[in-house]
Amino acid sequence: MNTILRISFSPRGQASESHRLSQRIVALLLHKQPGAQVIDHDLGNGSLAQVDGSYAQSQGGPVDVSSDGSIVQSEDLIGELERADILIISTPMHNLTMPSALKAWIDHVVRVRRTFNLTPAGKVGALRDRPVFLAIASGGRYSGERANQPDFLTPYLRVILGMIGLKDLTFFSVQGTGSSPDALAETRARTEEELQTYFSTFQA
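Residues numbered from 1 in each chain as written. Predicted model: local features only at pLDDT ≥ 70, side-chain atom pairs only at ≥ 80, totals over all residues. Heavy atoms only, no water.

Concerning the nonpolar core
Step number 1: Counting 35 residues, the largest nonpolar core has Leu81, Leu87, Trp105 and Leu161 as the members making the most contacts within it.
Step number 2: Of all the elements in the fold, those that place two or more residues in this core are β1 (3–8), α3 (70–83), β3 (86–92), α4 (100–109), β6 (132–138) and α5 (154–163).
Step number 3: Among the elements that line this core, the one with the most residues is α4, at 6 residues.
Step number 4: Other than its neighbours up to four places away in sequence, Leu161 contacts Ile89, Trp105, Val132, Leu134, Leu166 and Leu169.
Step number 5: If you look at the next biggest cluster of nonpolar residues, it comprises 17 residues, including Ile4, Phe172, Phe199 and Phe202. (Core = buried A, V, L, I, M, F, W, Y, C linked by side-chain atoms within 4.5 Å. Buried < 20%, exposed > 50% of the residue type's maximum accessible area, 1.4 Å probe, protein only. Helix = DSSP H or I, 4+ residues; strand = E, 2+ residues; numbered from the N terminus. Contact = heavy atoms within 4.5 Å.)

Some remarks on the layout of surface pockets
Empty space among the atoms becomes visible once a probe the size of a water molecule is rolled across them.
Step number 1: For the largest pocket, the calculated volume is near 210 Å³.
Step number 2: As for the largest pocket, its lining consists of Arg141, Ser143, Gly144, Glu145, Arg146, Ser173, Gln175, Thr187, Arg190, Thr191 and Glu194.
Step number 3: Elements supplying a minimum of two residues to the lining of the largest pocket: β7 (169–175) and α6 (181–201).
Step number 4: In terms of residue count, the dominant contributor to the lining of the largest pocket is α6 (4 residues).
Step number 5: Per-class residue counts for the lining of the largest pocket are no nonpolar, 6 polar and 5 charged. (1 Å grid on protein atoms, 1.4 Å probe; cavity = no way out; pocket = protein on both sides within 12 Å on 5 of 7 lines; lining within 4 Å. Points joined across faces, edges and corners; volume = space filled by probe spheres on them. Nonpolar A, V, L, I, M, F, W, Y, C, P; charged D, E, K, R; others polar.)

This is the structure in structure tokens:
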């Protein structure tokens, strides 16, 4: 493990629960590999533009016909992803699914002929698999006995990341952030236990 790429998608930045959770993941990874380089990107502030018309035209045809605009940014994001040994995605759950910033990043990096190929058997990922950790925060609860809302986020992430070759996914979450302080403290403690158990046997 040489490079850890963490991308954060909360509009609350470092004050967010998902960022705090991802920080614990980074710390536990660095405990395993102190010399690893951590590359941080905060894309929750709206800095990542949506894909443009020339990108869409390229994706809709048999070859890429664009060499500027969104394709340039897409290539930068994909190259960064290719160089990472571990990926951490830090995101809130917004309206039962993902924030728009995360969807914009996905649209940039899920690209035909670049990160997946069309074959007679369907879409096949072109990226090297590696550990991907997903740090998710949600105001309600979407899993467990006290779940009170559906989850359209984690199933989608499993499918879309798997489509480009990233299948080694591990999810951690802090749910019920809109609950009472005592309930939030309880779920934070439970998540910390899950982190400690997982990383006690994780091989970097």
